[in-house]
Amino acid sequence: MGRLIYLDNNATTQMAPEVLDAITKAEPVVYGNASSMHTFGREAGKLVEDSRKNIADLLDCDPSEIIFTSGASEANNTVFMIAASIIQKRGGGRIVTTTIEHPCIMESVKYLRTKGIHVDQVPVNRDGRVNMEALEKLMGPDVVLVSVMTGNNETGSVQPIAKISEMAHKCGALMHTDATQAIGKLKVSCRDWNLDYLSCSGHKFYGPKGVGVLYARKGIPFEPFVHGGEQEHGRRAGTYNTIGIYGTGVAAKLAKENIDEESRKLWAMRERLREGIIANIPNVTVNGCKERENCLPGTLDVSFENVEGESILLMLDMAGVAVSTGSACATGSLEPSYVLLACGLDVELAHGSIRFSFGRFNTMEDVDYVLEILPPIIKRLRAISTR
Ligand SMILES: *Cc1c(COP(=O)(O)O)cnc(C)c1O
């Protein structure tokens, strides 16, 4: 294999060497069930509680407010089920969310509608940010839950979560944000944003796969989604994924320590690529956020006129560069990205989009290599395009 460059960090990240080292050392010795009362169990329990503290530090909340899950998907599903249960008990009420959430929320919405739960989805503007006037109109005393993602996995657009949280609380609703893409890139604070629930996933910030985090504010309505044992004070059943949870804690500590420097580096790579593409390839559109403060620093989504995104992806892959055509979960379907369509892109442009997502282990040389190979790829594809 020649040179391989990974620019799909919004789909998942490579585990940090510090995380790999920590879990490799712990794995053979700490194998007790963290719920057991003997020494083996207590040793495992210590790793879980250590991690809980690191994660609470990163999210700016109390460790008792952290619940470990299998991923952000489970955390998000849990919150939507809690809201549905409240609505059922009250015999009325609504959930308000957006048209650009991750599939695990979009599909929860579809599912809950089949059960008779009322869900409103607020539209977004061309820049991928929530239309605040439309949101204002959707708010009311019957809203039970407002759920808006912090940063979008495709466009990188960041939402004004503190402001939306204030709007939610003003009408007595609970506030949830899916912060999966923001962790380690933006300062996320459950306290400052006055959140009731927050979801994220360890493998998006250089931790192991299969560990998610749900923050649920002390005293807030809660019902388990996974029923069974008394783990997490009855809030989430299932034997602790001790080693995975421990690794997530190490990743959280690193994320907190490096956030400023890392965000700066991600933005510099993203901007170099954006400027290079605009300067060297005609008929391109940069999708989503524009201003630094409204962007996930490492995400760049670009539409290339008269080319299929899938063709670009395959050609880049042959040249050793891994990118995505939108959400990894939607890959395999030939449908254009619902997120880009929600931003008002026409179907043609949405079909020609590529998402580059940078991470901790990328370098400026990676950007320069892409800028070297991408213009001739687009030229070739356009020459054979039938569109
Ligand atoms: C990746 C992702 C998820 C899902 O995380 P899992 O680890 O697959 O459960 C949810 N929301 C966003 C915004 C994501 O990027």
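Residues numbered from 1 in each chain as written. Predicted model: local features only at pLDDT ≥ 70, side-chain atom pairs only at ≥ 80, totals over all residues. Heavy atoms only, no water.

A. Spatial organisation of the domain arrangement of the chain. Parsing the chain into structural domains produces domain 1 (5-14 + 259-384) and domain 2 (17-254). It is Ile259, Leu296 and Tyr338 that lose the most area in domain 1 upon contact with domain 2, and together they represent 20% of the buried surface on that side. Viewed at the interface, domain 2 and domain 1 are joined by one salt bridge. A salt bridge links aspartate 260 to lysine 187; its shortest N-O distance comes to 3.2 Å. Secondary structure elements with two or more residues in the side of domain 1 that touches domain 2: α7 (242-280), β10 (299-304) and α9 (338-342). With five residues, the single largest contributor to the side of domain 1 that touches domain 2 is α7. Grouping the constituent residues of the side of domain 1 that touches domain 2 by class yields 15 nonpolar, 15 polar and five charged. (Domains from an automatic or database assignment. Buried area = accessible area lost by both parts, 1.4 Å probe. Salt bridge = Lys/Arg side-chain N within 4 Å of Asp/Glu carboxyl O. Helix = DSSP H or I, 4+ residues; strand = E, 2+ residues; numbered from the N terminus. Nonpolar A, V, L, I, M, F, W, Y, C, P; charged D, E, K, R; others polar.)

B. Local environment of the site of the ligand. As a structural note, the neighbourhood of the ligand is formed by 13 residues, with Asp178, Gln181, Ser201, His203 and Lys204 the closest of them. Side-chain polar atom of serine 73 to an oxygen atom of the ligand: 2.8 Å apart, as the coordinates give it. The separation between an oxygen atom of the ligand and a polar side-chain atom of lysine 204 is 2.7 Å. Burial of the ligand by the surrounding chains reaches 87%, relative to a free accessible area of 390 Å². Looking at side-chain class alone, the shell around the ligand contains three nonpolar, eight polar and two charged residues. (Near = heavy atom within 4 Å. Polar contact = N/O pair within 3.5 Å; in protein donor to acceptor, adjacent residues only side chain to side chain. Areas by Shrake-Rupley, 256 points an atom, 1.4 Å probe, with all protein chains shown as cover.)

C. A look at the packing of aromatic side chains. Scanning the entire structure with this criterion turns up two aromatic pairs. Aromatic pair tyrosine 206 and phenylalanine 361: ring centres 5.6 Å apart, planes at 80 degrees, arrangement edge-to-face. With a gap of 155 residues between them, tyrosine 206 in the loop between β7 (197-201) and β8 (212-216) and phenylalanine 361 in the loop between β12 (353-357) and α11 (364-384) connect regions that are remote in the sequence. For phenylalanine 361, a relative accessible area of 35% puts it in the partly exposed group. (Phe/Tyr/Trp six-rings, centres within 6.5 Å; stacked < 30°, edge-to-face > 60°. Buried < 20%, exposed > 50% of the residue type's maximum accessible area, 1.4 Å probe, protein only.)

D. Main features of the state of the cysteines. Applying the stated criterion across every chain yields a total of one disulfide. The side chain of cysteine 289 participates in a disulfide bridge whose partner is cysteine 295; the two sulfur atoms lie 2.3 Å from each other. Sign of the S-S torsion, about 120 degrees for the bond between cysteine 289 and cysteine 295, identifies this disulfide as right-handed. Cysteine 190 provides the cysteine sulfur closest to cysteine 200, a residue in no disulfide bond, and the two sulfurs are 8.6 Å apart. (Disulfide = S-S within 2.5 Å.)

E. Expanded view of the nonpolar core. Counting 64 residues, the largest nonpolar core has Leu59, Ile66, Val146, Leu198 and Phe205 as its most contacted members. Top contributing element to this core by residue count: α7, with eight residues. In this structure leucine 59 touches Ile66, Ile183, Val188, Ser189, Cys190, Leu198 and Val213, once residues within four positions along its chain are discounted. With 30 residues, the next largest nonpolar core counts Val370, Leu371, Ile373 and Ile377 among its residues. (Core = buried A, V, L, I, M, F, W, Y, C linked by side-chain atoms within 4.5 Å. Contact = heavy atoms within 4.5 Å.)

F. Layout of the sheet that holds β12. If you walk across this open sheet you meet the three strands as β9-β10-β12, and the pairing is antiparallel. Each of the sheet's edge strands pairs with one partner strand only, and the pair in question is β9 (284-287) and β12. Put simply, the sheet's adjacent strands are angled 25 degrees from each other on average, direction ignored. One ladder, built from four bridges, connects β9 with β10; its direction is antiparallel. Each bridged residue has a counterpart across the sheet, and for valine 286 the counterpart in β10 is valine 302. On top of the sheet, α7 reaches β9, β10 and β12; it is set at about 15 degrees to β10, its chief contact. Packed on one face of the sheet, helix α8 (residues 309-318) meets β10 and β12 and runs near 45 degrees to β12. (Pairing = 2+ DSSP bridges. Axes fitted to C-alpha atoms, helices over the stretch in contact; angles between N-to-C directions.)

G. Broad picture of the pattern of salt bridges. For the structure on display, the rule yields 21 salt bridges. Put simply, glutamate 262 and arginine 360 hold a salt bridge, and the shortest N to O gap is 3.0 Å. Taken together, the positions of glutamate 262 in helix α7 and arginine 360 in the loop between β12 and α11 put the pair 98 residues apart, joining distant regions of the chain. In this structure, glutamate 262 and arginine 360 share a single accessibility class: buried. Here glutamate 271 ties to arginine 270 by a salt bridge, and the two come within 2.8 Å at their closest N and O atoms. As far as burial versus exposure is concerned, glutamate 271 and arginine 270 are alike and both buried. It is possible to trace a salt-bridge network through shared partners that takes in Arg270, Glu271, Arg274 and Glu275.

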